[in-house]
Each structure stands twice: as structure tokens, then as C-alpha cells.
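# Secondary and tertiary structure notes
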Amino acid sequence: MTFRPLHDRILVRRIEAEEKTAGGIIIPDTAKEKPQEGEVIAVGPGARDESGKLTPLDVKIGDRILFGKWSGTEIKLNGEDLLIMKESDVMGVIEQTAAVKKAA
């Protein structure tokens, strides 16, 4: 089954948080919060303005995004838990740096 979001909606897969803290403490499932980071796996064509002109979305497939704790609607598609949300629910895109500079 394939899914195509409409208008300014996007389909997001949550990216799971680390199982341990920086100090090495393992966090049990009952204490974990749902991650607020995800990967965009499908985008709609965009929203229409007052004149009917199509405005494309800023996010694209493959972007890593941050979103609000209560953003989106949870769905199950092909056995996978996903989120559908409007682009306006996205707080920002996480940019990956091309090269990490090491201190000498």
C-alpha cells in the first residue's frame, strides 16, 4: 500500500531516542517519552494561496525534522507507526554537517 499526503501535509517516521543517558544509565520503556524527531517519508504537493497558486513545501523527503510533542495524527501503515502532520507543525529541519572538524 502506498500513501500520498494531500495539500501541505507530510508523513513522518519517528526516530527513536537513545536507550542510555550520557552517563550510561539505561532508560526503561516506561520512562521514555515519545521522540520529537523524525524523518520525512512523503510530502504533499503544497498549499494554495488566496489566488489559487500552489506554494511548494519547504521540507522534502529524507529531511530530519523536529516537531512538537503533541503534533500530528498517529497512524499505522503497513504495520509501521507513522505520523501525519501539517508542515506548520514542523519546528525545524536538522541539517547534517558535511565534515566534522577535529581539534588538533
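Residues numbered from 1 in each chain as written. Predicted model: local features only at pLDDT ≥ 70, side-chain atom pairs only at ≥ 80, totals over all residues. Heavy atoms only, no water.

- Under an unreviewed UniProt entry, the name given to the protein chain is Co-chaperonin GroES, and the organism recorded is Mesorhizobium huakuii.
- Regarding the protein chain, the relevant UniProt record gives this comment under Subcellular location (unreviewed entry): "Cytoplasm".
- The protein chain has a UniProt comment under Sequence similarities (unreviewed entry) that states "Belongs to the GroES chaperonin family." (UniProt positions renumbered as here; feature names shortened; annotations may be inferred.)

### Describing the pairing of strand β5 (residues 64–67)
- Only one face of β5 is covered, namely the face carrying I65 and F67; the face carrying R64 and L66 is uncovered.
- Relative to β5, strand β2 (residues 37–43) runs antiparallel, the two being bridged by 3 bridges. Paired with E37 across the bridge in β5 is L66.
- Both β5 and strand β8 (residues 90–94) contribute to a ladder of 4 bridges, which runs antiparallel. Across the sheet, the residue bridging to F67 is V90, located in β8. (Buried < 20%, exposed > 50% of the residue type's maximum accessible area, 1.4 Å probe, protein only. Helix = DSSP H or I, 4+ residues; strand = E, 2+ residues; numbered from the N terminus. Pairing = 2+ DSSP bridges.)

### A look at the sheet that holds strand β7 (residues 80–86)
- Ordered in space as β6-β7-β1-β2-β5-β8, the 6 strands form an open sheet in which the pairing is antiparallel. Strand pairing shows two members of the sheet lacking a second neighbour, β6 (73–77) and β8, which therefore form its edges. The sheet shows a mean angle of 45° between the axes of neighbouring strands, direction not considered. (Axes fitted to C-alpha atoms, helices over the stretch in contact; angles between N-to-C directions.)

### Some points on the environment of V93
- Along the polypeptide, V93 turns up in strand β8.
- For V93, a relative accessible area of 34% translates into the label partly exposed.
- Taking the C-alpha atoms as reference points, V93 and V59, 34 residues apart in sequence, are found 7.6 Å from one another.
- Once residues within four sequence positions are removed from consideration, V93 is found in contact with V59, D63, R64 and I65. (Contact = heavy atoms within 4.5 Å.)

### A closer look at the pattern of salt bridges
- Taken as a whole, this structure holds 7 salt bridges when the rule is applied.
- The partner of E80 in a salt bridge is R13, with the nearest N and O atoms 2.5 Å apart. In this pair, E80 sits in strand β7 while R13 sits in strand β1 (residues 9–14), placing the two residues 67 residues apart along the sequence.
- Under the relative-accessibility criterion, E80 is labelled partly exposed at 30%.
- Accessibility expressed as a relative area gives 30% for R13, which makes it partly exposed.
- We note a salt bridge from E74 to R14, for which the minimum N-O separation is 3.4 Å. Placement of the pair is E74 in strand β6 and R14 in strand β1, with a sequence separation of 60 residues. (Salt bridge = Lys/Arg side-chain N within 4 Å of Asp/Glu carboxyl O.)

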